[in-house]
Amino acid sequence: MKTPLILDGKTLAKSIEEDLKVRVQRIKDKTNTTPVLATIIVGNDIASVTYVRMKGNACKRVGMDSLKIEMSEGASTEEVIEKIKELNRDDNVHGILLQHPVPSSIDEMACFNSIDLSKDVDGVNTSTFGRMTMQLNSFKCATPYSIMKILKHYDIQIEGKEVVVIGRSPILGKPVAMMMLNENATVTICHSKTKNLKDIVKRADIVIAAVGKPKFVQAEWIKDGCVLIDAGYNAGNVGDIDIENAIEKCSAYTPVPGGVGPMTINCLIAQTVESAEKKFGIV
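Summary of the structure given here.

Procedures and definitions
Throughout this description, residue numbers start from 1 for each chain and increase along the sequence as written. Note on the predicted model: pLDDT of at least 70 is required for a residue's local features to be given, and 80 or more for side-chain atom pairs to be given and counted; whole-chain, interface and lining totals, by contrast, use all residues. To obtain the side-chain values, all non-hydrogen atoms of the structure were included, while hydrogens and water were left out. Strands were regarded as paired on the criterion that DSSP finds at least two bridges between them. Runs of H or I in DSSP of at least four residues are treated as helices and runs of E of at least two as strands, each being numbered from the N terminus. Nonpolar core, defined: a set of buried Ala, Val, Leu, Ile, Met, Phe, Trp, Tyr and Cys residues in which side-chain atoms within 4.5 Å join the residues together. Each residue gets one of three labels from its accessible area relative to the maximum for its type: buried under 20%, exposed over 50%, partly exposed in between, using a 1.4 Å probe on protein chains only. Residue contacts follow a heavy-atom distance rule, with two residues in contact if any of their heavy atoms lie within 4.5 Å. Patches here are clusters of residues that have more than 30% relative accessible area and form no salt bridge, with a 9 Å joining cutoff for like charges and a 5 Å cutoff for nonpolar side chains (Val, Leu, Ile, Met, Phe, Trp, Tyr). In these tables, accessible area is a Shrake-Rupley quantity obtained with a 1.4 Å probe, and a residue counts as shielded only by the protein chains included in the view. The rule for a salt bridge is simple: a side-chain nitrogen of Lys or Arg has to be within 4 Å of a carboxyl oxygen of Asp or Glu. Under the convention used throughout, the expected extent of a helix is 1.5 Å for every residue step, that is, one less than its residue count. For this analysis, a polar contact is any N or O atom pair within 3.5 Å, provided that within protein one partner can donate a hydrogen and the other can accept it, and provided that sequence-adjacent residues contribute only side-chain to side-chain pairs. Between N-to-C directions, angles span 0 to 180 degrees; the directions come from axes that are lines fitted to C-alpha atoms, helices contributing only their stretch in contact. Working definition: roughly parallel below 35 degrees, roughly antiparallel above 145 degrees, roughly perpendicular at 65 to 115 degrees, and oblique for all remaining angles. Helix crossings are classified by the rotation of the near helix relative to the far one: an anticlockwise turn of less than a right angle makes the crossing left-handed, while a clockwise turn makes it right-handed. Throughout this entry, Asp, Glu, Lys and Arg are counted as charged residues, while Ala, Val, Leu, Ile, Met, Phe, Trp, Tyr, Cys and Pro are counted as nonpolar. The remaining residues, Gly among them, count as polar.

Turning our eyes to something else, we now look at the sheet that holds strand E8 (residues 227-230). Spatial ordering of the open sheet is given by E1-E9-E8-E7-E5-E6, a layout of 6 strands whose pairing is parallel. The open sheet is flanked by strand E1 (5-6) and strand E6 (186-190), the only strands paired with a single partner. Inspection of the sheet shows E1 paired to strand E9 (residues 252-253) by 2 bridges, in the parallel sense. When the bridges of E9 are listed, Ile-6 appears paired with Tyr-253.

Next up, the structure:
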């Protein structure tokens, strides 16, 4: 089998940033306003702090501003929702992100659902999910959206293919499955209760791993020529797929790091720019 194609999300994100710079400058020139992404982080989870910093850096690179709101580990659901409502009312804020995960004491979904749809640039509100599923105009969950953009950029055929999604989270597994379905793939969603997982994965033309377990997907599960999308990130720069051993069988794969991660941030930034454009009627 020939050398597999590396689905390089980092390089793709850099190229898209060049276009975003132009769009951000156009907004500034026409409105004297700089697009702003507001990020709420509750507690001091090390990974979350790192992600928020990376998002702030991405905003800077395209000329946007970022607003970081830090809340204590002991913040209540009501306090987080009140902060989100303040940002909903703030005309200077164009995108709102609640950094995931939040402490277990907080009702995350209630917080997600308090984000105004026009500012839900991470696509986490259940109404946003519903609109996306029904192919109505809406923002999209950033990580699933990034996966779709990577596949399309590299001309990976989706229509008619058998796709296996491993993981059913409301902000990754479920929305990416719906996006694949909307592109005419045949989709199977697997999870912790799935029986004969290995046999199901062996059928797949495209595997999307989103379980948060290092090297969970084994090489022997992979069909020759399969496309591997690794949406996991674990300690030691390890994804959810045992890519070291699976690389000889696949036709294309996303590296970890440098695959889905950079494009997730890119999609978040792009949707914030889009939100600002919509607000000011800039086409």
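What follows deals with unusual backbone geometry. His-100 connects to Pro-101 through a cis peptide bond whose omega is 0°. With respect to the helices and strands, Pro-101 occurs in the loop between strand E4 (95-98) and helix H4 (108-112). Between Val-256 and Pro-257 the backbone carries a cis peptide bond, its omega angle lying at 0°. Considering the arrangement of structural elements, one finds Pro-257 in the loop between E9 and helix H10 (260-280).

Moving on: the nonpolar core. Grouped together as the largest cluster of nonpolar side chains are 47 residues, with contacts concentrated most on Ile-208, Ile-229 and Ile-269. Contributions of two or more residues to this core are made by helix H1 (9-31), helix H2 (46-62), helix H6 (142-153), strand E5 (162-166), helix H7 (173-182), strand E7 (206-209), E8 and H10. If you tally residues by element for this core, the top one is H10, at 9 residues. Those residues in contact with Ile-208 that lie beyond four places of it in its chain are Ile-147, Val-163, Val-164, Val-165, Ile-166, Val-176, Met-180 and Ile-229.

Bringing the pairing of E8 into the picture now. Moving residue by residue along a regular strand, the side chains alternate between the two faces of the sheet. With burial as the criterion, each face of E8 is covered, one bearing Val-227 and Ile-229 and the other bearing Leu-228 and Asp-230. Note that E7 and E8 share 4 bridges and pair parallel. Its bridge partner lying in E8, Ile-206 is registered against Val-227. With 2 bridges joining them, E8 and E9 adopt parallel strand pairing. Each bridged residue has a counterpart across the sheet, and for Leu-228 the counterpart in E9 is Tyr-253.

On the surface, Tyr-51, Met-54 and Tyr-233 cluster together into a nonpolar patch covering about 290 Å² of accessible area. Relative to the elements of secondary structure, Tyr-233 occurs in the loop between E8 and helix H9 (243-246). Overall, Tyr-233 belongs to the partly exposed group, its relative accessible area being 45%.

A separate point is the pattern of salt bridges. Applying the stated criterion to the full structure yields 12 salt bridges. We note a salt bridge from Arg-61 to Glu-17, for which the minimum N-O separation is 2.9 Å. Separated by 44 residues along the polypeptide, Arg-61 in helix H2 and Glu-17 in helix H1 bring together distant segments of the chain. Residue class for Glu-17 comes out buried when judged on its relative accessible area of 9%. The closest approach of N and O atoms between Glu-274 and Lys-278, which form a salt bridge, is 3.2 Å. Residue Glu-274 and its partner Lys-278 are both found in helix H10; the two are separated by 4 residues, about one turn of the helix. Classification of Glu-274 by relative accessible area gives partly exposed; the value is 25%. In this structure Lys-278 comes out as partly exposed when scored by relative accessible area, which is 44%. One salt-bridge network, held together by shared partners, links Asp-19, Arg-23 and Glu-277.

Spacing of three or four residues puts side chains on the same side of an α-helix, whose turn is 3.6 residues. Compared with an ideal rise of 1.5 Å per residue, which puts 17 residues at 24 Å, H2 spans 25 Å between its outermost C-alpha atoms and is within 8% of the ideal. Turning to H2, the residues buried within the fold contact H1, strand E2 (36-42), strand E3 (65-71), E4 and H10. Where H2 begins, one side-chain oxygen reaches toward the backbone nitrogen of Ala-47, 3.3 Å away; that side chain belongs to Asp-45. Two residues or fewer after H2 comes Gly-63, characterised by a positive phi angle close to 90°.

In the contact formed by H2 and H10, the axes pass within 10 Å of each other and the chain directions differ by 55°. Classed by the angle they form, the pair H2 and H10 counts as oblique. When you trace H2 past H10, the crossing you get is right-handed. Mapping the contact onto sequence places Met-54, Lys-55, Ala-58, Cys-59 and Val-62 in H2 and Ile-265, Leu-268 and Ile-269 in H10. Across the contact of H2 with H10, the residue classes break down as 7 nonpolar, no polar and 1 charged.

Moving on, we come to the sheet that holds E4. Strand order in this open sheet of 3 strands is E3-E2-E4, and the pairing throughout is parallel. The open sheet terminates on both sides in strands that have one partner only, identified here as E3 and E4. Strand-to-strand, the axes of this sheet are offset by a mean angle of 15°, without reference to chain direction. Examined bridge by bridge, E2 and E3 share 7 bridges and lie parallel to one another. Across the sheet, residue Leu-37 finds its bridge partner in E3, namely Ser-66. Running over the sheet, H2 touches E2, E3 and E4 and is turned about 170° from E2.

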